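Listed below, chain by chain, are the residues.
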Amino acid sequence: MKNLNIFKKPIYQYSLFLPIVCLLLVLIVNLIQTPNFFKITVQNGVLYGFIIDILNRSSGLVILAVGMTLVVASSGGTDISVGAVSALAGAVCIAALGTGATYNVPYIVSILLALIMGMACGTVNGYLVSYMKVQPMVATLILFTAGRGIAQLVTGSFILYVKPEQFGYLGNFIPGVPLPTPFFVAAFLVFITWIVLDKTPLGMYIQSVGINRDASRLVGLNSKLIIFFTYVFCGMCAAITGLISVSRTMSIDANNVGLYTELDAILAVAIGGNSLRGGKFSLFGSVIGAITIQALTTTLYAMQVSADQIPLYKAVVVIIIVSLQSPVVLKWFKTIKGKLSTRSHQMVKEAK
Amino acid sequence: MATKEILTMRHITKNFIGVRALNSVDFTLRAGEIHALMGENGAGKSTLIKVLTGAEEFEKGEIRLEGFDHPIINRSPEEAQDKGISTVYQEVNLCPNLSVAENLFIGREPKKFGKIDWKTMNSRAEEILHDFDIHIDVTLTLDNFSVAIQQMIAIARAVDMSSKVLILDEPTSSLDEQEVGKLFQIMRMLKERGLGIIFITHFLEQVYEICDRITVLRNGELIGEYKIENLPRLKLVACMMGKDIDILEDIKEEQSSSKEKDEDEIILEAKGLASLGKVKPFDLSVYKGDVIGLSGLLGSGRSELARTIYGADRVDSGELKIHKKNLSISAPIDAIKAGMAFLPEDRKEEGIIEDLSVQENIILALQVKQSMFKLLNKKDQEEFAQRYIDILDIKTPSKDTPVKQLSGGNQQKVILARWLLLNPEFLILDEPTRGIDVGTKTEIQRLIVDLAREGKAIIFISSEIEEMLRTCNRMLVMRDSEKIGELWDDEITQDNIMTAIAGGGRA
Amino acid sequence: MNRAKINSPQGKMRFSNQIGQKLLERNFLLFVTIALFIAMYIAGLIAYKDKNFGNVQTFLNLFTSNAGLIIVSVGMTMVLITGGIDISVGSVVAVTCMMLAAMMERAGIGAAPAMSIVLLFGLAFGAAQGWLISYLNIQPFIVTLAGMFFARGLTAVISLEMITITNETFLAIAQKRIYLPFGGYLNRKGVMIYPYIYPTVVMAIVIVIIAYLMLKYTKFGRSIYAVGGREQSARLMGLNVKRTKFFVYILNGLLSALGGIAFCLNTTGAFVELARGFEMDAIAATVIGGTPLTGGVGNVYGSLFGVLIKALIETFVSFQGNISSWWSKIIISALLAFFIVLQNLLVRRKNKTKSAT
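Residues numbered from 1 in each chain as written. Chains lettered and ligands numbered in written order. Predicted model: local features only at pLDDT ≥ 70, side-chain atom pairs only at ≥ 80, totals over all residues. Heavy atoms only, no water.

Engineer: Give a description of the overall build of chain C that names residues and reports values.
Structural biologist: A count of helices and strands for chain C gives 16 helices and six strands. Viewed in the frame of its principal axes, chain C has a C-alpha envelope of about 70 × 60 × 35 Å. Looking at chain C as a whole, 56% of its 357 residues are labelled buried. Counting only carbon and sulfur atoms, one obtains 64% of the accessible surface of chain C, whose full area is about 15,000 Å². Separation between the mean location of the 30 positive side-chain charges and that of the 11 negative ones in chain C comes to 18 Å. (Helix = DSSP H or I, 4+ residues; strand = E, 2+ residues; numbered from the N terminus. Buried < 20%, exposed > 50% of the residue type's maximum accessible area, 1.4 Å probe, protein only. Areas by Shrake-Rupley, 256 points an atom, 1.4 Å probe, with all protein chains shown as cover. Lys, Arg positive; Asp, Glu negative; His and termini not counted. Charge placed at Lys NZ, Arg CZ, Asp CG, Glu CD.)

In structure tokens:
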């Protein structure tokens, strides 16, 4: 987000270098493997194709990744409850609307209720992490286990279906618009977040608190409040993802909405070149990370890999990426590079 | 006295990024001697010790240890320990969650039938601590005990393990007089046994009480090795300080006398301010142009007093007035808004925000003070940062360099810049010169005096009394978390301070 | 803690003080856990008097249904004591079950060699994770997250369909009832019915005991605590921090595989979704058992009680009959929250009393 003076540093030292390379790699594999991967067609006035599918499917993950990025940056920990919170928010929305031919409450009210639910969950997490000083993973473990249970209570352990057709707009297409709605939602959220972080000092505050909580307090920042706020925001992001998800299927299945998305979201943050120890972060890195994960998933689908087997490949990718970021490995590279350069120096000398 | 050399270090050279930490330093330790390693902060004492114990690598030179016919290199503290060199550090390096006995024996537990023999371990632990006159339940976890006891346990462990060389790196800072006495008794006993002891301390009395030899370092250079009787106190101080004594002599001259202050010039007034368990209630009035020193031993509550005024520690009672108006400080931001600034003692933990750039570190406090949400103009930001980089001569590749890549002294200047940028009326500087080179030290001292001349007030805390003698017009003396006295102008002499700290003086 | 009190000559007073203090300061959380378990059990006896809750068999079933979880929790406890975490255990349990099933049913490998192979697999899996965590210095959460994905994916690669185990040796072990010589009751026909347990329970109990002894009486065991207490200090005191962590993760891998075997003996079948969320159960049980995630503190028997409390809640919910089984999840989370807050308050109190002296 800074003005990059490209000429001073070797390009691989930029935080966005690795995520972009990863994404490109995935796309190149596709180009070879599935030649029609990049083909986009128009059917019934909407765009179709793998690329559109990736954009569509990754939207929810992008939104989660945005929230997760801030949580990681400010507290150096992860919010593992986002998947469960998504399910809970979706359940609240649909339970409010009801399963009749018409809505029980106005649509906008149900959306607000879901968002409030998400933020309430974020409040619980944030309070435990910032004011009670519980490690983020443990604090969010509570809602991770309880969230789906509460969602089941909300839905009465049934899979509820919503009838009015408009309900599906958020998760699919709005008639007459060729691009999927989630794409716009995600783009809007990323844009707003970016504006807020870049045009106000909040981005700097979050990093500052994440890097050194005590020092930040002494320069006058309310470290606790800032951490708290990121969790509430993350809860809201989870709720939005949940809304998209239930709209896509026009139903709520509390067991499966957002299942394992917390892991994908954390992964997106890590692939985006962000340290999970907090501090410096790149919002766009996480966005690219989220898209990369979805691209990888879609690619594997295109290669006829079963949905259940996909985690195996994801795991391999993760290990490679985080190993490359490990300080120990970086040191190895440096020594190897050092050796090579001294050798080349010697060769130059000998040549002279 | 035995003169067999058990440890010799020759031409040890070590560089940190851009700074020469040790320049061809020699050091010799003989069997049965207690050898003081002296020097100001940043002289290279700890680096030399770290090189010896393998905590840091060195570039040039060699280390020889008795019993090895080749130069040794320790790659880690374990290796050093295996060779018979054990160390006690300033901070307690034990595990708080383990029992006292375990902390003494971990890694070398007594065994019976292949399993740890807790009974023997506990009774042997009690015996060891008996020598130190510590009678505690060794089965309780370490974190049940005060820092002083923890430090004694760390010493006991090192003593029990060391076979050749024992390094004590400022072990006495958290000990009281009686405990120090006990430690010295043990040290003398070990000396009899033929151990070599390297002793690092800030307290000159202790050096003269127990040491046989002194090696003085300054600025990474060896100044010399002396027998204790050949190096009187004053000369030692001169050796440690070098020529900056002369540079600083005249700093204070133009300062006006301060005892009769105009009531209008009062900036801050504290009445009965206290923080539970940190500092007992104290009164303090600060006037324009004041440079107030806080003296007292480490742990006497001098940092805590400053922190309480700033709201860095919780204020439990008392009141604070700024310009005669009551002020309640619940968080540092309130103090900042009231015109205060606070440079904390621990630069790494509480000062720098390491991954942020130099510029961000400089403007951060101003940004927070001015507006929580409205970003400072980008141009202004750059200008502010550049201005202070120039004024304080901060050596950095660019404004956008992460501050962690700078040397310690430059990091300190960055934090100083952060606070100066606020143009505060009242600055609290807690150890602003620790661990930085002599040149920068002098600059900072000068800056303090200049700021006072401009009508600002400063609280200056330093463990080097000389530094405060040179700059302060008033000195608060602290002991046991309590302010026990104030010295004004001419009364501020090393002797007066010492007697006040020791408890015999006027209060 | 003041010294005057410790040095006081009244030996007896001192002694009883110490016991009280130890209970409160050191084992308070464990004390609460055990007390809670007993209280809950008594409450169960009263509430379900007419439903045979008081049977010894009902009590033993708490172990039977959770033998795998107990074993996995033991490994988790050790990992948490070092200050690390392992969220791959659930998937490892799943993949070991699947491997066992596939080897015995599809490849015709005998039960014993199949079990040895999965144990080796667990060992290797733990070693790989341990190496990445301790020697490459990558955060345990991320490494084991990848491990979780990997193992789950591998399960699916082995078979997408459910495999039911029909291997006779395996089923014989699974269904072998070990009757206890006491605690029986007469049934309506006047025949004495003795309570029984399965071999998996014996396995779990033996593991708990071995782990307890190892943690208390070996140098390695104590190093685990030291590393979790203050890594820097442990290093300076001459302990090999990296190797200790490495071995703990290896051990944990091995125990996860063993837990998988126990789990598989209970289910006698395997499918991709098996043991989903198992890792969180293990972490929750461990935390409830008095091992905080901050490291340095904890006990395997505490974790055993953590598992039993979870089992008890599930039993209540099933005895209640008509309420949603989700309640057990919610109650466990509430308990977890309670323990986390309690741990925090304790730490704070300790720091406060220390800074005041």
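Engineer: Would you mind going over the environment of K199 of chain A in detail, with residue names and values included?
Structural biologist: Structurally, K199 of chain A is set in helix α6 (residues 181-199). Using a relative accessible area of 48% as the deciding quantity, one classes K199 of chain A as partly exposed. Measuring from C-alpha to C-alpha, the distance between K199 of chain A and K337 of chain A comes to 40 Å, with 138 residues separating the pair along the chain. Aside from chain neighbours lying at most four places away, what touches K199 of chain A is W194 of chain A together with L375 of chain B. (Contact = heavy atoms within 4.5 Å.)

Engineer: So what about the interface of chain B and chain A? Which residues, and what values?
Structural biologist: Chain B puts 32 residues into the contact, and the matching count from chain A is 21 residues. For the pair chain B and chain A, the two sides together bury roughly 2,200 Å², of which 64% comes from carbon and sulfur. Considering only the side of chain B, the residues that lose the most area to chain A are I353, M372 and L375 of chain B, jointly responsible for 22% of the buried surface there. For E360 of chain B, the salt bridge is made with K280 of chain A, and the minimal N-O distance between the two is 3.8 Å. Viewed at the interface, chain A and chain B are joined by six residue pairs in polar contact (both at pLDDT 80 or more). At the level of secondary structure, the elements contributing two or more residues to the side of chain B that touches chain A comprise α11 (332-337), α12 (347-351), α13 (358-370) and α15 (408-420) of chain B. No other element matches the six residues that α13 of chain B contributes to the side of chain B that touches chain A. (Buried area = accessible area lost by both parts, 1.4 Å probe. Salt bridge = Lys/Arg side-chain N within 4 Å of Asp/Glu carboxyl O. Polar contact = N/O pair within 3.5 Å; in protein donor to acceptor, adjacent residues only side chain to side chain.)

Engineer: If you had to explain the sheet that holds strand β16 (residues 325-327) of chain B to someone new, which residues and values would you point to?
Structural biologist: Residue and element names in this part refer to chain B. Strand order in the open sheet formed by four strands is β13-β12-β15-β16, and the pairing between neighbours is antiparallel. Both outer strands of the open sheet, β13 (279-287) and β16, are each paired with one neighbouring strand and no more. On average, each strand axis in the sheet is tilted by 20° relative to the strand beside it, whichever way the strands run. Relative to β16, strand β15 (residues 317-322) is paired through three bridges, and the arrangement is antiparallel. In the strand pairing of β16, I322 is matched with K325. With respect to the sheet, helix α10 (residues 302-310) is in contact with β12 (266-275), β13 and β15, its orientation differing from that of β13 by roughly 70°. (Pairing = 2+ DSSP bridges. Axes fitted to C-alpha atoms, helices over the stretch in contact; angles between N-to-C directions.)

Engineer: Any details on the side chain of Q206 of chain B? Residues and values, ideally.
Structural biologist: Residue and element names in this part refer to chain B. In this fold, Q206 is placed in helix α7 (residues 204-210). Overall, the relative accessible area of 10% leaves Q206 in the buried class. Dropping the residues within four chain positions of it, Q206 is found in contact with T172, V180, F184, F199, T201 and C211.

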